[in-house]
Amino acid sequence: MYRTHTCGELRVENIGTKVTLSGWLQKNRDLGGMTFIDLRDRYGITQIAFNMETNAELCTQARKLGREFVIQVTGEVAERYSKNKKIPTGEIEIIATDLKVLSKSEVPPFTIEDQTDGGEDILMKYRYLDLRRNPRQQALMLRHKMSIAVRNYLDKQGFIDVETPVLIKSTPEGARDFVVPSRMNEGNFYALPQSPQVFKQLLMVAGYDRYYQIVKCFRDEDLRADRQPEFTQIDCEMAFVEQEDILNTFEGMAKHIFKMFKNVDFNEPFKRMPFSEAMAKYGSDKPDLRFGMEINNLTEISKGKNFKIFDDAEYIGGICAVNVVDKFSRKAIDKLTDFVKKPQIGAQGLVWIKYDADGTFKSSIDKFFGAEDLQQIAQKFDAKPNDIIFLISGNYDKSLKILGDLRLELAKELNLIDNNKFAPLWVVDFPLVEWNEETNRFHAMHHPFTSPKPQDISMLETEPAKVRANAYDFVVNGVELGGGSIRIHDSEVQRKMFDTLGFTPEEAQNQFGFLMNAFKYGAPPHGGIAYGLDRWVAMFNNSESIKDVIAFPKNNSGKDVMIDSPSPVSKEQLDELKLLIKKD
RNA sequence: GGUCUGGUAGUUCAGUUGGUUAGAAUAUCGGCCUGUCACGCCGAGGGUCGCGAGUUCGAGUCUCGUCCAGACCGCCA
C-alpha cells in the first residue's frame, strides 16, 4: 500500500495515528539537527519531520532528497511545536520512521510554486510540471466540476448526450476546416467539425428532441488569448421550440451555474438587447455592461457648423467620461488620440470637449462650435461640469466600432470596471447575412441554417442585409460565452437562403444535400445554442486566457511545444495517402 | 497577411551616451545550523547576450535581415 492518507487530510484529531503518505517533495528545509520536508499531492501539503537525535540515519537520508522526488513516508502524526496557520495541515506533522524514494527527479527548470519563476515558454514546454502547480490544478478541478454541473442540469431537463462523428465533411461556409486525408479513398479528405451543427439538426429530424454534448470543435483560424484551434462547446439542440423557449432554458442553466460556482443570484431576467442597439450604444456585438458610458449619436446636432470633417461624415458620435476632466491634460489626450489612430483601431482623429469645473467649455473644435453648440452636445449626455466628451466621426459602422474600443480603453484607464461584477445579457436580432468584400457575396453571419425572422423573409430576395435572424448570443462582461439560433426547417426557405448566399442549387445539393433530403421527411421546428466551456471556466477562474483552463493548450501559432506538433510525417505515410508536399 | 512588444546565467530580470573582467535575485552544489515553514548564515559553479550580416578602433547596446514567443488587427458561419 502506497498511502493510507493524502497529503491534505491529516489534522489534530489524527495525532498518534501511524500513517503512510506518498507524494512529491515540495521543499527540503535542512536545519542541521533537524530536517523538514513538505510533501505535496493534489490534496495538499503535509510536513514530515526528521531528527538527528532520534533517528540519525533516516535524517541524513532525508537531507539528500531533492525537489520533486517522489517519496513514500511512514510515521506517526504528531502535534507541532510551532504551528503554521497558513495551511490546513499546519497544526500537525509526521515524525518519520521509514522513508522510501519511489522516483528520483532532476532539478526542474522552474519552481513548482503558486508563484512560479518560470516564463510562458518554459511552462508550456514542461506543461506536465506546470500542471503540478496548485493554481493549475484548481483550474482543472473547477472545469471538471462545471462539466458535471452542466451534465446534471441538462440531464434533469431531459437532454440526452449523443456523440457525433469527428471525421466529417468539409464545407465551404464559415471558418477554415482542418482536413484529414483518407487513405482508403485516395485524394479525398475528411474535415474535423467546426461544430456538430448538421448532426444535431439531423438528430432533431430523428426525433431526439433534446440533445446535448460537451464536445471538441476545430477551427483552423489564427489564435487569440480566448481562441484555440480545438476548443470545447456545450452543444445543445431542442425541437418544437421558439427562440423564447431556448433563451429561457439556457438562461436557467446560466443562472444555475452562476449560483453554484460564484454564489451570484440573478433575480431578474437577463437583459435582451437587439444587435442594432448593442452596436449603436456600445459599438460592439458583445457589450460590457459593467459600466455605462454609452455612445450617443450626435450626427444631427453636429452638422452645419462649417467643420468640414463633421459635415462630410456619415455619422458623428461620442462618449462622455464622468467627473474626470482633470485627468485629461494635453498629454493624456494625445495619448488617447494615438490609441484611436493605431492601425488596429483606425480613427483619423479624436475630438474632445472639456466641461470645466467653472461651467465653461473648452474643445478642440472651438473654432467651429460656440458655447451654445457645445452645451447642446453636453445635454445629449446629461454632462455635468468636470466631465469630458470624446467625439469620433466618419463611416457609421467603423465609427461605432472605434467608439466601442475607446469606451473599453477609457474604462480600463479610469478603472471603471468592477471585477467582482457579472453583467450578462442576450444580444438578439442579429442580421442574417453580411456582405463580404473579398468574395463579393453575402455570407451567413451565424450559419446557413439560421432562420430569418418570419416578418423579414420577404426582404430576403430584395434587401438581404436588412433581414434579421432568429439568432442570439449570450454575453457576459464583454465576452461572448455562447450563441445559437432557430434553424430553418422549411425546404423552401432553406432554398432561398442558399440562393441569397450565392449557392447554385447544384452546389447546395452537393454540400448540404443530406440535410435538405432529411428535411423532406418531416423536420420539426428546432433550434439550439452552444456555450463555450473554455471561456466560461476561464471567466469563473478569473483567467485572462482560456489556456489556463485547458490541460494541454497550443500556443499562439497553433503549436504544442511540449510534444512538438504539428510535425512532418514520413515519406511512407505520404505515399500511402498519395500526397505530395508542394515546395515553393 | 499586418501592427506592436520582447529574446542576456537553469529561471525571472537589470545592464546608463557604443568603452575595463556582463550584474542582481532565485534555483543548483558545498559547508555551518534542533522548530523551520519564502528558514538563516558562509562559500562556489553557472553566459554562443536568439541567430546571421553590417557600421565602428570597439557592439549586449546602433542598423538591416532572420528565427522564436506574446498581445492585437485581418480572420474566427
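Computed from a prediction, not measured in an experiment: that's the story for all the values here.

Scoring rules and cut-offs
Throughout this document, residue positions are counted from 1 along each chain, in the order its sequence is written. Chain letters and ligand numbers both follow the written order, the letters beginning at A and the numbers at 1. Only residues with pLDDT of at least 70 are given local features in this predicted model, and only at 80 or more are side-chain atom pairs given and counted; all residues enter the totals for whole chains, interfaces and linings. Calculation of side-chain values draws on the structure's entire complement of heavy atoms; hydrogens and water are dropped beforehand. Think of it this way: DSSP has to see at least two bridges between two strands before they count as a pair. Starting at the N terminus, helices and strands are each numbered in turn, a helix being any DSSP run of H or I of at least four residues and a strand any DSSP run of E of at least two. Contacts are assigned to residue pairs with any non-hydrogen atoms lying within 4.5 Å of each other. Between the N-to-C directions of two axes lies an angle of 0 to 180 degrees, each axis being a line fitted to C-alpha atoms and, for a helix, fitted only over the stretch in contact. Salt bridges are counted wherever a side-chain nitrogen of Lys or Arg sits within 4 Å of a carboxyl oxygen of Asp or Glu. Each residue gets one of three labels from its accessible area relative to the maximum for its type: buried under 20%, exposed over 50%, partly exposed in between, using a 1.4 Å probe on protein chains only. Here, the term nonpolar core denotes a set of buried Ala, Val, Leu, Ile, Met, Phe, Trp, Tyr and Cys residues that are joined through side-chain atoms within 4.5 Å. The rule is short: rings of Phe, Tyr and Trp, with Trp giving its six-membered ring, pair when the centres are within 6.5 Å, and they are stacked under 30 degrees, edge-to-face over 60, tilted in between. Only when the NZ atom of a Lys or the CZ atom of an Arg is both within 6 Å of the ring centre and within 35 degrees of the ring normal do we say a charge sits over the ring. When we say a residue is near a molecule or strand, we mean one of its heavy atoms is within 4 Å of it. By the criterion applied in these results, polar contacts are pairs of N or O atoms within 3.5 Å in which, for protein atoms, one can donate a hydrogen and the other can accept it, and in which residues neighboring in sequence qualify only through two side-chain atoms. Just so you know the grouping, Ala, Val, Leu, Ile, Met, Phe, Trp, Tyr, Cys and Pro go in nonpolar, Asp, Glu, Lys and Arg go in charged, and all remaining residues, Gly too, go in polar.

(A) Expanded view of the sheet that holds strand β11 (residues 271–274). Here eight strands make up an open sheet; going across it, the order is β6-β9-β10-β22-β21-β20-β17-β11 and the pairing mixed. A single partner strand is all that each edge strand has here, and the edge strands are β6 (160–161) and β11. Sheet strands in contact with helix α5 (residues 197–205) are β9 (210–218), β10 (230–239) and β22 (526–532), and its direction is about 20 degrees off that of β10.

(B) Just the pattern of salt bridges, in detail. One pass over the structure, following the stated rule, counts 37 salt bridges. In this structure, the salt-bridge partner of lysine 255 is glutamate 251, at a minimum N-O distance of 3.3 Å. With lysine 255 and glutamate 251 both in helix α6 (residues 243–262) and four residues apart, this pair spans about one turn of that helix. The exposure class assigned to glutamate 251 is buried, which follows from its relative accessible area of 5%.

(C) A look at the nonpolar core. Ranked by size, the top nonpolar core spans 43 residues in total, and within it Leu154, Phe250, Trp426, Tyr531 and Trp536 carry the most contacts. If we ignore the near neighbours within four places in the chain, the residues touching tyrosine 531 are Thr232, Gln233, Ile234, Phe250, Glu251, Met253, Ala254, Trp426, Phe474, Leu481, Gly482 and Trp536. Met273, Val467, Ala469 and Ala523 belong to the second largest nonpolar core, which has 33 residues in total.

(D) Representation of the pairing of strand β19 (residues 441–444) in the model. Sheet topology note: the strand β18 (residues 433–436)/β19 ladder contains four bridges and is antiparallel. Across the sheet, valine 433 pairs through a bridge with alanine 444, a residue of β19. The hairpin turn running from β18 into β19, its antiparallel successor, is four residues long, and asparagine 440 in that turn takes a positive phi close to 60 degrees.

(E) Quick peek at the packing of aromatic side chains. Tallied over the full model, the rule gives 29 aromatic pairs. On the numbers, 5.5 Å between centres and 25 degrees between planes, the contact of phenylalanine 270 with phenylalanine 474 is stacked. Taken together, the positions of phenylalanine 270 in the loop between α6 and β11 and phenylalanine 474 in strand β20 (residues 471–476) put the pair 204 residues apart, joining distant regions of the chain. Its relative accessible area of 5% is what places phenylalanine 270 among the buried residues. The buried category is assigned to phenylalanine 474, whose relative accessible area is 0%. When the ring of phenylalanine 328 is compared with that of phenylalanine 390, the centres are 5.4 Å apart and the planes differ by 70 degrees; the resulting orientation is edge-to-face. Within this pair, whereas phenylalanine 328 is found in the loop between β13 (315–321) and α10 (330–341), its partner phenylalanine 390 is found in strand β16 (residues 388–394), the two being separated by 62 residues in sequence. The residues phenylalanine 328 and phenylalanine 390 share a single accessibility class, namely buried. The ring of phenylalanine 270 carries the charged tip of lysine 255 above its face, separated from the ring centre by 5.2 Å. When the ring centre of phenylalanine 291 is taken as reference, the NZ or CZ atom of arginine 407 above it lies at 4.0 Å.

(F) How the structure looks around the protein's contact with RNA strand B. Lining the immediate environment of RNA strand B, one finds 46 residues, of which Asp30, Asp117, Glu221, Ala444 and His446 sit closest. When the atoms of RNA strand B within 4 Å of the protein are grouped by moiety, sugar and phosphate amount to 52% of the total. Between RNA strand B and arginine 227 there is a distance of 2.8 Å, counted from a base nitrogen to a side-chain nitrogen or oxygen. Ranked by residues supplied to the surface near RNA strand B, first place goes to strand β1 (residues 18–30) with three residues. Counted by class, the surface near RNA strand B contains 11 nonpolar, 16 polar and 19 charged residues.

(G) Here's a closer look at the environment of alanine 423. You can see alanine 423 is positioned in the loop between α12 (396–413) and β17 (424–428). In the structure, alanine 423 is positioned 386 residues away from isoleucine 37 in sequence and 46 Å away in space, judged by C-alpha atoms. With sequence-adjacent residues up to four places away left out, alanine 423 is seen in contact with Leu289, Arg290, Val475, Val476 and Asn477.

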